[in-house]
Amino acid sequence: MKKELENQLKNIVKKGLVAVDEPMSAHTTFRIGGPADYYVEPTFEEVKELLFFLKKENIPYTLIGNGSNLLVSDEGIEGVVVSFGKEMSEVSWEKEVVRAKAGILLSRLASFAASKFLSGLEFASGIPGTLGGAITMNAGAYGGEMKDVVQSVTVLDGDEIKEYSGEEMDFSYRHSRVLDEDLIVLEVTMKLQSGREEEILSSMKELNKKRVEKQPLNFPSAGSTFKRPEGYFAAKLIEDAGLKGYTVGGAKVSEKHSGFVINFDHATAKDVCTLMQDIQRIVKEKFDVSLEPEVRLIGRF
Ligand SMILES: Cc1cc2nc3c(=O)[nH]c(=O)nc-3n(C[C@H](O)[C@H](O)[C@H](O)COP(=O)(O)OP(=O)(O)OC[C@H]3O[C@@H](n4cnc5c(N)ncnc54)[C@H](O)[C@@H]3O)c2cc1C
């Protein structure tokens, strides 16, 4: 049975990768996660046929980008994990409009824009995700967010390819219609402004310096664990609750930045979940504020 589906997948994904029982810890920045039954990295040409096939055959699938906002269950993921990555990372530009495929890394996209003297993506250069993941989450940092630059997004909605304008994407804080409607982001156009290359590069360098100073980048994590609650900062609430350095198994609230849970010693997804639940309970008890996870939990939880 397993061999049969593997062969069917290999018939569609000929250039890209098909793997069986692939450990997801190798594909998440948390370095946590049990095996995906099947793991596939299709090319742009293969992705539509692959997704049509999975839908027609009712095979469960999960889409991922760079795995930088994910906590994958220790028991792994049922069905097929479809990874949008380097096989889908073409980028081009015309005047002030950059067009890119969903798998491109934001760091590469921002450097590409800078090399064409285009400003607007500096804020995104240090976010370790793909463009598709950033559209899904309306990723943002240092006062900028994807919402500010997106002109249009090409998505797969069921069997249909649709194009939405930036406004139609319903972007809000760490949210877009991709999450509500299970859309698949294929391609994005972004409207930037002409600028000076040295200024764009120096602003990117400055922002990345701030990240290195403030964030525990020497440990695996998935970035900010919780969303910013209205009127508060999650990191401050966690710190004020006395939870800096709080540990469950191999997972810990970072001592450098309380907003981050880090995998400091072979943490399991269970360790991280228990830690997150403890934080939510204690912060609620002390400050009557509910923390909502920003990290997305996927797999057999
Ligand atoms: C050290 C560190 C720092 C971070 N800093 C920031 C920050 O400053 N700002 C910020 O916003 N985030 C930050 N993050 C979180 C993360 O990088 C972003 O949320 C990023 O946008 C996720 O992109 P990804 O490609 O890794 O998506 P993944 O984590 O792989 O997936 C996230 C979600 O998007 C969905 N998805 C991915 N690709 C597609 C697609 N093509 N179509 C439809 N759905 C898709 C997945 O199904 C999942 O639900 C940080 C993470 C780390 C580890």
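Residues numbered from 1 in each chain as written. Predicted model: local features only at pLDDT ≥ 70, side-chain atom pairs only at ≥ 80, totals over all residues. Heavy atoms only, no water.

A word on the packing of aromatic side chains
Part 1 of the argument: In this structure the tally under the stated criterion is 1 aromatic pair.
Part 2 of the argument: The positively charged end of K101 is found above the aromatic ring belonging to F44, 4.4 Å away from the centroid. (Phe/Tyr/Trp six-rings, centres within 6.5 Å; stacked < 30°, edge-to-face > 60°. Lys NZ or Arg CZ within 6 Å of the ring centre and 35° of its normal.)

Things to note about the layout of surface pockets
Part 1 of the argument: Of the pockets and cavities examined, the second largest pocket occupies roughly 240 Å³.
Part 2 of the argument: The wall of the second largest pocket is formed by 16 residues, among which N66, F84, G85, K86 and L105 lie closest to the centre.
Part 3 of the argument: For the lining of the second largest pocket, the domains that each give at least three residues are domain 1 (2–86) and domain 2 (89–212). (1 Å grid on protein atoms, 1.4 Å probe; cavity = no way out; pocket = protein on both sides within 12 Å on 5 of 7 lines; lining within 4 Å. Points joined across faces, edges and corners; volume = space filled by probe spheres on them. Domains from an automatic or database assignment.)

Some remarks on the domain arrangement of the protein chain
Part 1 of the argument: According to the domain assignment, the protein chain contains domain 1 (2–86), domain 2 (89–212) and domain 3 (216–298).
Part 2 of the argument: In this structure, domain 1 and domain 3 have C-alpha centres spaced 28 Å apart.
Part 3 of the argument: With 14 residues of domain 1 at the interface, the matching set in domain 3 holds 18 residues.
Part 4 of the argument: The junction of domain 1 with domain 3 conceals about 1,300 Å² of combined surface from both sides, 63% of it contributed by carbon and sulfur atoms.
Part 5 of the argument: Of all residues in domain 1, F30, N69 and L71 bury the most surface against domain 3, accounting for 52% of the area lost on that side.
Part 6 of the argument: Here domain 1 and domain 3 share 0 salt bridges between them.
Part 7 of the argument: Our enumeration of links across domain 1 and domain 3 arrives at 10 residue pairs in polar contact (both at pLDDT 80 or more).
Part 8 of the argument: Counting residues per element, the ones that place at least two in the side of domain 1 that touches domain 3 are strand 3 (61–64) and strand 4 (70–72). (Contact = heavy atoms within 4.5 Å. Buried area = accessible area lost by both parts, 1.4 Å probe. Salt bridge = Lys/Arg side-chain N within 4 Å of Asp/Glu carboxyl O. Polar contact = N/O pair within 3.5 Å; in protein donor to acceptor, adjacent residues only side chain to side chain. Helix = DSSP H or I, 4+ residues; strand = E, 2+ residues; numbered from the N terminus.)

Thoughts on the sheet that holds strand 5 (residues 77–83)
Part 1 of the argument: An order of 1-2-5-3 is seen for the 4 strands of this open sheet, with the pairing classed as mixed. Where the open sheet ends on each side, the last strands, each with one partner, are strand 1 (17–23) and strand 3. In this sheet, neighbouring strand axes are inclined to one another by 25° on average, regardless of whether the strands run parallel or antiparallel.
Part 2 of the argument: Against the sheet, helix 2 (residues 44–56) engages strand 2 (35–41), strand 3 and strand 5, with an angle of about 160° to strand 5. (Pairing = 2+ DSSP bridges. Axes fitted to C-alpha atoms, helices over the stretch in contact; angles between N-to-C directions.)

Focus on the side chain of N69
Part 1 of the argument: Mapped onto the secondary structure, N69 falls in the loop between strand 3 and strand 4.
Part 2 of the argument: The buried category is assigned to N69, whose relative accessible area is 14%.
Part 3 of the argument: There is a polar contact of 3.2 Å between the side chain of N69 and the backbone oxygen of E294.
Part 4 of the argument: In contact with N69, other than residues within four places in its own chain, are M137, A222, E294, V295 and R296. (Buried < 20%, exposed > 50% of the residue type's maximum accessible area, 1.4 Å probe, protein only.)

So, the sheet that holds strand 16 (residues 247–248)
Part 1 of the argument: The strand order 15-18-17-16 describes an open sheet built from 4 strands, whose pairing is antiparallel. Across the chains shown, the open sheet's two edge strands, defined by having one partner strand only, are strand 15 (221–224) and strand 16.
Part 2 of the argument: In terms of strand pairing, strand 15 meets strand 18 (residues 260–263) through 2 bridges, oriented antiparallel. Along strand 18, the bridge assignment pairs S224 with F260.
Part 3 of the argument: Contacts from helix 8 (residues 269–287) reach strand 16, strand 17 (251–253) and strand 18, with the element oriented near 30° to strand 17.

Here we look at the side chain of R211
Part 1 of the argument: Here R211 lies in helix 6 (residues 197–214).
Part 2 of the argument: E294 provides the closest opposite charge to the buried, unpaired R211, separated from it by 9.4 Å.
Part 3 of the argument: Dropping the residues within four chain positions of it, R211 is found in contact with F123, G126, I127, A141, Y142 and L217. (Lys, Arg positive; Asp, Glu negative; His and termini not counted.)

Here we look at the site of the ligand
Part 1 of the argument: For the ligand, the set of nearby residues contains 36 residues, the closest of which are L63, G65, S68, T130 and G140.
Part 2 of the argument: Here an oxygen atom of the ligand sits 3.4 Å away from a polar atom, N or O, in the main chain of A134.
Part 3 of the argument: A distance of 2.9 Å separates an oxygen atom of the ligand from a polar side-chain atom of R296.
Part 4 of the argument: Burial of the ligand by the protein amounts to 93% of the accessible area it has alone, namely 980 Å².
Part 5 of the argument: The set of elements that each furnish at least two residues to the shell around the ligand consists of strand 3, helix 4 (131–137), strand 9 (140–141), strand 13 (184–191) and strand 15. (Near = heavy atom within 4 Å. Areas by Shrake-Rupley, 256 points an atom, 1.4 Å probe, with all protein chains shown as cover.)

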